[in-house]
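# Structural characterization, general
Now for the letters of each chain:
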Amino acid sequence: MANTLRLYLTCIRNTLEAAMCLQQNFPCQEVERHNKPEVELKTSPELLLNPVLICRNEAEKCLIETSINSLRISLKVKQADELENILTKKFLRFLSMRAEAFQVLRRKPVQGYDISFLITNYHCEEMQKQKLIDFIVQFMEDIDKEISELKMSVNTRGRLVATEFLKQFI
Amino acid sequence: MSNKMHFRVSYQICILADQNHSNNQCYSFHDSAEKPIEVDHHLYEFGSVEYHVKSSASDPQFTYLSISTPLLTQGVLLSYGLSPYTTQMVREISADFLEIVEPAKEGYQLTLRLDFSKIPRDVDSLKVITEVSSVQAVILSSQLKEMLRNVNSWDTSQGMYKPIKLVYHPREPFYVIRQSQKIIAVFPMRFKEYSDVIIATSFFQVSGGEYKLSVISNIKLNSYCCSCKKGDSAYYLFGQELMDVGSSEKWAKVPPCSWSPIPPPELRGEPFEDLSTNGGFVSFDISSRHIEGKRLDKTVWSLLNFYAYVKHHVKCTRGFIQRRMRKRLESLVEVLQNSSLEEDGRIKKVTGWRYMKKLVTLPSKSKILKRRCGDFTGKIKRIRFRIKIHGFGRFRRKWLTMPKFSSSIGYTKLE
């Protein structure tokens, strides 16, 4: 299990290293004096690269879409049951609502995915490319770990509460 | 009974008790005391509960407390008023202090006459007043106690009985089904939000699992241990866990509880709107050993407050999840903070998300240029001003600097 995760993360890291070559300050071809992330607009096909979809299994996948001046990374997190489903939704929505704290986080995930990042050329100018990639890979690991810990904590709390309730009858 | 209403009723009674006490002190110490006042208050609580507190100035010793409350079951009991068992439970609150007035005041099910001259003068007075003010809970719980007390008295030839619908809290009814040697309490669970349903469902499955784990361990203990392979650590550890849980005797006394997403067969024939739920059905099998002696009070309390208990647990779990997420957000942002240092290796401590931006950003070329220029001009100044005149620096800063016409922060807003 851990081996497949390592391979999955390594593949994503290598793909990001290749994809994160963004041109500085590419002006928009549609509107004068505007500079927009082309991966969001998708108006000029010549500025877009082929999207890469990396799947660990049916439930977990990562979509990397690149353009000349921006990069979008969308993640689908595994959800084994209903409890993990609601915990994942709550947690990722919580993070998305506070996207300004992460700068590279998108407020709304791409359809079909749980969370999305948007990295533009400005981010690459301000931040170190290697650190950004490390952050995204670490983020993926931390999210999985946090969801598992949350689920375990909720079940442990439920067990303790049930024990206390049943003790009333003794 | 809600805490707020309990407080209001007990507060009313306390005021009247104090007033009565001050009147008694007037007789003994010949001091002027508060004059008795007319009291005629109606107090309302959600769920159609009404209280009427009345005291007249001409007869300040006695106060009348009337209660109107929807009963647990709206069946046969209503036509006869309160059952003798219920009136007996009410009398047991305080035989000296209160007396049941019959017939009750019109529009109310019970009227009590409180004699403040017999109220104890010490600390017990508050205890008695508190018990009187919670008489509504006594009425409701006594009905369920009466049902549970007669768990073994049903003739087995009667077979299955029709479920009795009990309403302790509005819109949250539960069912009591009498069977031979036991009573089954079934709680249809409903929640407003989907996430509450999931949290509660996992809680019910855990609750049912706790009981089942102890039952399985008691029944299959020996056979399981025999089938364990020696040297197989996984099976051995699992068997050891079962032995630990099964060895405790306390779980054998717990009423069996189960959860199912569909209505149990005992509830067939009930109205559809009562059986449509999103949280499934929780069942407890109450037998005679769960109502012996003082356990009867605990069992009744647990059953009547089961809904409130579950909802409180769901609410606390949501709060717990929220706190965890906030804490995790800080640690996730901290990853970016710790991932890089400034160019010269110093770390400045600045709060907020701007801290993250400052740490992970590379200094731009213009900033590097400015810094180098600043160093160069500083060197020039040091060379030019090698001859130091005491006080000249202050004079220079005050009189020889050019005034700034623009704000260093930004533009000045024009009004």
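All of these numbers come straight from a predicted model, not from anything done at the bench. (Residues numbered from 1 in each chain as written. Chains lettered and ligands numbered in written order. Predicted model: local features only at pLDDT ≥ 70, side-chain atom pairs only at ≥ 80, totals over all residues. Heavy atoms only, no water.)

### A word on the overall build of chain B
We apply this condition: Runs of E in the DSSP output that reach at least two residues are strands. Runs of H or I that reach at least four are helices, and both are numbered from the N terminus. Classification of residues uses two cut-offs on accessible area relative to the type maximum, computed with a 1.4 Å probe and protein chains only: under 20% is buried, over 50% is exposed, and between them is partly exposed. We call two residues contacting when some pair of their heavy atoms lies within 4.5 Å. The protein chains shown are the only cover counted for residues, whose accessible areas, like all others here, come from Shrake-Rupley with a 1.4 Å probe.
What chain B contains, in helices and strands, is 13 helices and 10 strands. The proportion of buried residues among the 415 residues of chain B is 38%. For chain B, contacts bridging at least 24 residues in sequence account for 61% of all contacts bridging at least 6. With an accessible surface of roughly 26,600 Å², chain B has 56% of that area assigned to carbon and sulfur atoms.

### Remarks on helix 3 (residues 82-97) of chain A
It helps to recall that an α-helix has 3.6 residues per turn; residues three or four apart then point in one direction. Selection rule: For a helix, the expected span equals 1.5 Å multiplied by the number of residues minus one.
Look at helix 3 of chain A: 22 Å from first C-alpha to last across 16 residues, which is about the 22 Å you get at 1.5 Å a residue. Of the positions making up helix 3 of chain A, those classed as buried are A:L83, A:E84, A:N85, A:I86, A:L87, A:T88, A:F91, A:L92, A:F94, A:L95 and A:S96.

### Section: the sheet that holds strand 1 (residues 39-45) of chain B
All names here are of chain B. Note the threshold: For two strands to be treated as a pair, DSSP must find at least two bridges joining them. Fitting a line to C-alpha atoms yields each axis, with helices limited to the stretch in contact; the angle taken between N-to-C directions then spans 0 to 180 degrees.
One open sheet holds the 5 strands; their spatial order is 1-2-3-5-4, and the pairing between them is antiparallel. Of all the strands in the sheet, the pair left with one neighbour each is strand 1 and strand 4 (98-101). The average undirected angle you get between the axes of adjacent strands in this sheet is 20°. Inspection of the sheet shows strand 1 paired to strand 2 (residues 49-55) by 7 bridges, in the antiparallel sense.

### Some thoughts on the side chain of B:D115
Residue and element names in this part refer to chain B. The condition that has to hold: Polar contact criterion, stated in full: a pair of N or O atoms within 3.5 Å, where within protein one must be able to donate a hydrogen and the other to accept it, and residues adjacent in sequence count only if both atoms are side-chain atoms.
Relative to the elements of secondary structure, D115 occurs in strand 5 (residues 110-115). D115 sits in the buried class, given a relative accessible area of 8%. A polar contact of 3.0 Å, which involves the side chain of D115, links it to the side chain of Q61. Once residues lying within four places of it in the same chain are set aside, the contact partners of D115 are Q61, F62 and F97.

### Section: the sheet that holds strand 8 (residues 182-188) of chain B
For sheets, the rule is that strands pair by backbone hydrogen bonds, running either parallel or antiparallel. All names here are of chain B. Ordered in space as 6-7-8-10-9, the 5 strands form an open sheet in which the pairing is antiparallel. Only two strands of the sheet have a single neighbouring strand rather than two, namely strand 6 (164-169) and strand 9 (257-260). Put simply, the sheet's adjacent strands are angled 25° from each other on average, direction ignored. Looking at chain direction, strand 7 (residues 172-179) and strand 8 are connected through 5 bridges and run antiparallel. Residue pairing in the sheet places V176 in a bridge with A185 of strand 8. Its contacts with the sheet place helix 5 (residues 135-149) against strand 6, strand 7, strand 8 and strand 10 (281-287), and it is angled at close to 150° to strand 6. Relative to strand 10, helix 9 (residues 295-304) is tilted by about 170°, and along the sheet it contacts strand 6, strand 7, strand 8 and strand 10.

### Here's the deal with the interface of chain B and chain A
Convention followed: Simply put, the buried area is the total loss of 1.4 Å probe accessible area from both parts when two parts are fitted together. Put simply, a salt bridge is a Lys or Arg side-chain nitrogen that is within 4 Å of an Asp or Glu carboxyl oxygen.
At the interface, 48 residues of chain B touch 42 residues of chain A. Carbon and sulfur atoms make up 72% of the area that chain B and chain A hide from each other, which totals about 4,600 Å². Summed over the shared surface of chain B and chain A, the result is 4 salt bridges. Counting across the chain B and chain A interface gives 6 residue pairs in polar contact (both at pLDDT 80 or more). Listing elements by their share of the side of chain B that touches chain A, those giving two or more residues are helix 6 (194-227), strand 10, helix 9, helix 10 (306-338) and helix 11 (353-360) of chain B. A per-element tally of the side of chain B that touches chain A places helix 10 of chain B first, with 18 residues.

### Description of the packing of aromatic side chains
Residue and element names in this part refer to chain A. What counts here: Aromatic rings from Phe, Tyr and Trp, taking only the six-membered ring of Trp, are treated as a pair when their centres fall within 6.5 Å; an angle between ring planes under 30 degrees marks them as stacked, one over 60 as edge-to-face, and anything in between as tilted.
Enumeration over the complete set of coordinates arrives at 15 aromatic pairs over all chains. Measuring from centroid to centroid gives 5.9 Å for F135 and F139, while their planes differ by 55°, and the two rings are tilted. Of this pair, F135 and F139 both sit in helix 5 (residues 129-167), 4 residues apart, roughly one helical turn. Just as F135 is buried, F139 falls in that class too.

### Side note on the packing of helix 1 (residues 2-19) of chain A against helix 5 of chain A
All names here are of chain A. Formally: Here is the rule for angles: anything less than 35 degrees is roughly parallel, anything more than 145 is roughly antiparallel, 65 through 115 is roughly perpendicular, and the remaining ranges are oblique. Handedness of a crossing follows from how the near helix is turned relative to the far one, being left-handed for an anticlockwise turn of less than a right angle and right-handed for a clockwise one. Only Asp, Glu, Lys and Arg are considered charged in this grouping, and only Ala, Val, Leu, Ile, Met, Phe, Trp, Tyr, Cys and Pro are considered nonpolar; every other residue, Gly among them, is considered polar.
Contact geometry of helix 1 with helix 5 gives a least axis separation of 10 Å together with a crossing angle of 150°. In terms of axis orientation, helix 1 runs roughly antiparallel to helix 5. The chirality of how helix 1 crosses helix 5 is right-handed. Here L5, R6, Y8, L9, I12, R13, L16 and E17 of helix 1 come into contact with helix 5, specifically with K129, Q130, I133, D134, I136, V137, M140, E141 and D144. Per-class residue counts for the contact of helix 1 with helix 5 are 9 nonpolar, 1 polar and 7 charged.

### Focus on the environment of B:L303
Residue and element names in this part refer to chain B. The topology assignment puts L303 in helix 9. Measuring from C-alpha to C-alpha, the distance between L303 and F187 comes to 9.2 Å, with 116 residues separating the pair along the chain. Excluding its chain neighbours within four sequence positions, the residues that come into contact with L303 are L144, L148, A185, F187, F284 and I286.

### What to know about the packing of helix 5 of chain B against helix 9 of chain B
Residue and element names in this part refer to chain B. Closest axis-to-axis distance for the helix 5/helix 9 pair is 10 Å, and the angle between their directions is 120°. As judged from the angle between their axes, helix 5 and helix 9 are oblique. Between helix 5 and helix 9 lies a crossing whose hand is right-handed. Only L296, D297, T299, V300, L303 and L304 of helix 9 make contact with helix 5, whose side of the interface consists of S141, L144, K145, L148 and R149. Considering only residue class, the contact of helix 5 with helix 9 consists of 6 nonpolar, 2 polar and 3 charged.

### Examining the pairing of strand 10 of chain B
Residues and elements named next belong to chain B. A large share of strand 10 lies buried, amounting to 6 of its 7 residues. As judged from the 7 bridges shared by strand 8 and strand 10, these two strands associate in the antiparallel manner. Bridging across to strand 10, A185 finds its partner in F284. Bridging between strand 9 and strand 10 involves 4 bridges; their strand directions are antiparallel. Residue pairing for strand 10: W259 is matched across the bridge by V282.

### Quick word on the side chain of A:N121
On the secondary structure map, A:N121 appears in helix 4 (residues 121-126). Beyond its immediate stretch of four places on either side in the chain, A:N121 contacts A:L22, A:Q23, A:Q24, A:N25 and A:N69.

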